[in-house]
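# Architecture at a glance
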Amino acid sequence: AERRFRMASLASVLPQPVQVYQGEAEADFRQTLPSLKRAIPPYGQRKGWVPRNQADFQDGGAFPEIHVAQYPLGMGQKKSAGGASTALALQLDSQGRVKYDAIVRQGQTKDKVIFSKFEDLLPKHLKEGDSDLAKPTEEELEETTEKTRQALEDIVRAKVTAALPTQAAEKQAPAQYIRYTPSEQGVAFNSGAKQRVIRMVEGQVDPMEPPKFKTNTKIPRGPPSPPAPVMHSPTRKPTVKEQQDWKIPPCISNWKNPKGYTIPLDKRLAADGRGLQDPHINDGFAKLAEALFIADRKVFGPFFI
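It should be emphasised that the depicted structure is a prediction, and the values quoted were computed from it without experimental measurement. (Residues numbered from 1 in each chain as written. Predicted model: local features only at pLDDT ≥ 70, side-chain atom pairs only at ≥ 80, totals over all residues. Heavy atoms only, no water.)

### Observations regarding the overall build of the protein chain
Formally: Here a helix means four or more residues in a row that DSSP labels H or I, a strand means two or more in a row labelled E, and each is numbered from the N terminus. A 1.4 Å probe rolled over the protein chains alone gives each residue an accessible area, and that area as a share of the maximum for its type sets the label: buried under 20%, exposed over 50%, partly exposed in between. Contacts: residue pairs with any heavy atoms within 4.5 Å of one another. All accessible-area figures derive from a Shrake-Rupley calculation using a 1.4 Å probe, and residue coverage is judged against the displayed protein chains alone.
Counting its regular elements, the protein chain contains seven helices and two strands. Listing each helix as α and each strand as β along the protein chain from the N terminus yields α-α-α-α-β-β-α-α-α. The buried share of the protein chain, reckoned over its 305 residues, is 5%. Pairs at least 24 apart in sequence give 20% of the contacts found in the protein chain among residues at least 6 apart. In the structure as shown, the protein chain presents an accessible area of about 30400 Å², 58% of it carried by carbon and sulfur atoms.

As structure tokens, this is what we get:
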């Protein structure tokens, strides 16, 4: 009686059990439940039956009499690597329409201007309360000023450092320890070690050593933001008259003829430009001739012939 009292008091102190032991009756009931495994037809009676999932193989191999692509245990099936797909996710704008320009903007910087819609060809009418006309805030001005100052300081520091005759040796980075496992394992490889530890140290650079590579070569700038597209009419072939109008005659010199060509006189005169000039005689020649004639009449008289 004393033992029973102690067991009852101990059971009242202990917490309730989390898991309950299954009795024989419950185990028999579970054994009577129908099996959830799919029934595979026997060999020779599998006409029209196709394995759909891994449970149809039952941890076995493929069925050679079923002529479809089968991948038991996932063997031979191409697994799509996560993040390796080049497909773009479907994006919508504020009005719920599909953003097809995401294909053009893929791989470009966010600040690059890309014209990909018909609205980009139309003039934009700005109103007085438009957000595009709003001035930047004080925080934006300070942030832009700080970025500009930092960029200018970096450029000036690089110029000053390059102009110095001697440079102090740069401080070396701390050593790095890398552990790796060789692909070839065995006693004959890597002195029998399964893993190796590499100590990587940055090499000392001589500050007086001349540069090994040319750094003053000018690299062409990248392409800027493309301009707005201009609508052109389709190209057409020039007519014979247009080709003749655009034909430029060769230049003929009166001083040099290195090829020794025989040039006709009409071409010479046309190249000289004499035919284009309008001959003009000064009136002084007529006045001089008349004055001389009158002087002779006065000196020799009217009988002068």
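### Describing the pattern of salt bridges
Let me state the cut-off plainly: Definition used for salt bridges: Asp or Glu carboxyl oxygen within 4 Å of a side-chain nitrogen of Lys or Arg.
For the structure shown, the criterion picks out 11 salt bridges. Asp-245 serves as the salt-bridge partner of Lys-241, at 3.2 Å between the closest nitrogen and oxygen. Within this pair, Lys-241 and its partner Asp-245 are both found in helix α5 (residues 240-245), separated by four residues, close to a single helical turn. Each of the two residues, Lys-241 as well as Asp-245, counts as exposed. Through salt bridges with shared partners, one network takes in Glu-146, Arg-149 and Glu-153.

### A look at the confidence of the model for the protein chain
As a reminder of what qualifies: The predictor reports its confidence for every residue as pLDDT, a score running from 0 up to 100.
Across the protein chain, pLDDT averages 79, with 84% of residues at or above 70. Considering each helix and strand of the protein chain separately, the mean pLDDT is smallest for helix α2 (residues 24-31), with a value of 50, and largest for α5, with 92.

### Examining the packing of aromatic side chains
Applicable threshold: Working definition: rings of Phe, Tyr and Trp (its six-membered ring) pair if their centres are within 6.5 Å, and the pair is stacked with planes under 30 degrees apart, edge-to-face with planes over 60 apart, and tilted otherwise.
On inspection of all chains with the given rule, the structure shows two aromatic pairs. Centre to centre, the rings of Trp-49 and Phe-63 are 5.3 Å apart; their planes meet at 85°, and the pair counts as edge-to-face. Placement of Trp-49 in the loop between α2 and α3 (102-105) and of Phe-63 in the loop between α2 and α3 is noted, with a sequence separation of 14 residues between them. Of the two residues, Trp-49 and Phe-63, neither departs from the other in class, the shared state being buried. On the numbers, 6.0 Å between centres and 20° between planes, the contact of Phe-57 with Phe-63 is stacked. Phe-57 gets classed as buried once you look at its relative accessible area, which sits at 10%. Members of the aromatic cluster, each reached through a chain of ring pairs, are Trp-49, Phe-57 and Phe-63.

### Brief notes about the environment of Gln-185
The test is simple: What qualifies as a polar contact is a pair of N or O atoms within 3.5 Å, subject to a donor-acceptor requirement within protein and to the restriction that residues adjacent in sequence count only when both atoms come from side chains.
Tracing the backbone shows Gln-185 in the loop between β1 (176-180) and β2 (196-200). By relative accessible area, which is 39% here, Gln-185 ends up partly exposed. As a C-alpha pair, Gln-185 and Gln-195 span 10 residues in sequence and 9.2 Å in three-dimensional space. Residues within four places of Gln-185 in sequence aside, it is in contact with Ala-193 and Lys-194. A polar contact of 3.2 Å, which involves the side chain of Gln-185, links it to the backbone oxygen of Lys-194.

### Focus: a negative patch on the surface
Operational definition: A patch is a set of surface residues, each over 30% in relative accessible area and not in a salt bridge, joined within 9 Å for like charges and within 5 Å for the nonpolar side chains Val, Leu, Ile, Met, Phe, Trp and Tyr. Counting rule for charge: Lys and Arg are taken as positive, Asp and Glu as negative, and neither His nor the chain ends is counted. Note on charges: their place is set at NZ of Lys, CZ of Arg, CG of Asp or CD of Glu.
Together, Glu-138, Glu-139, Glu-140 and Glu-142 make up a negatively charged patch on the protein surface. Structurally, the position occupied by Glu-142 is in helix α4 (residues 138-163). Judged by its relative accessible area of 56%, Glu-142 is exposed.

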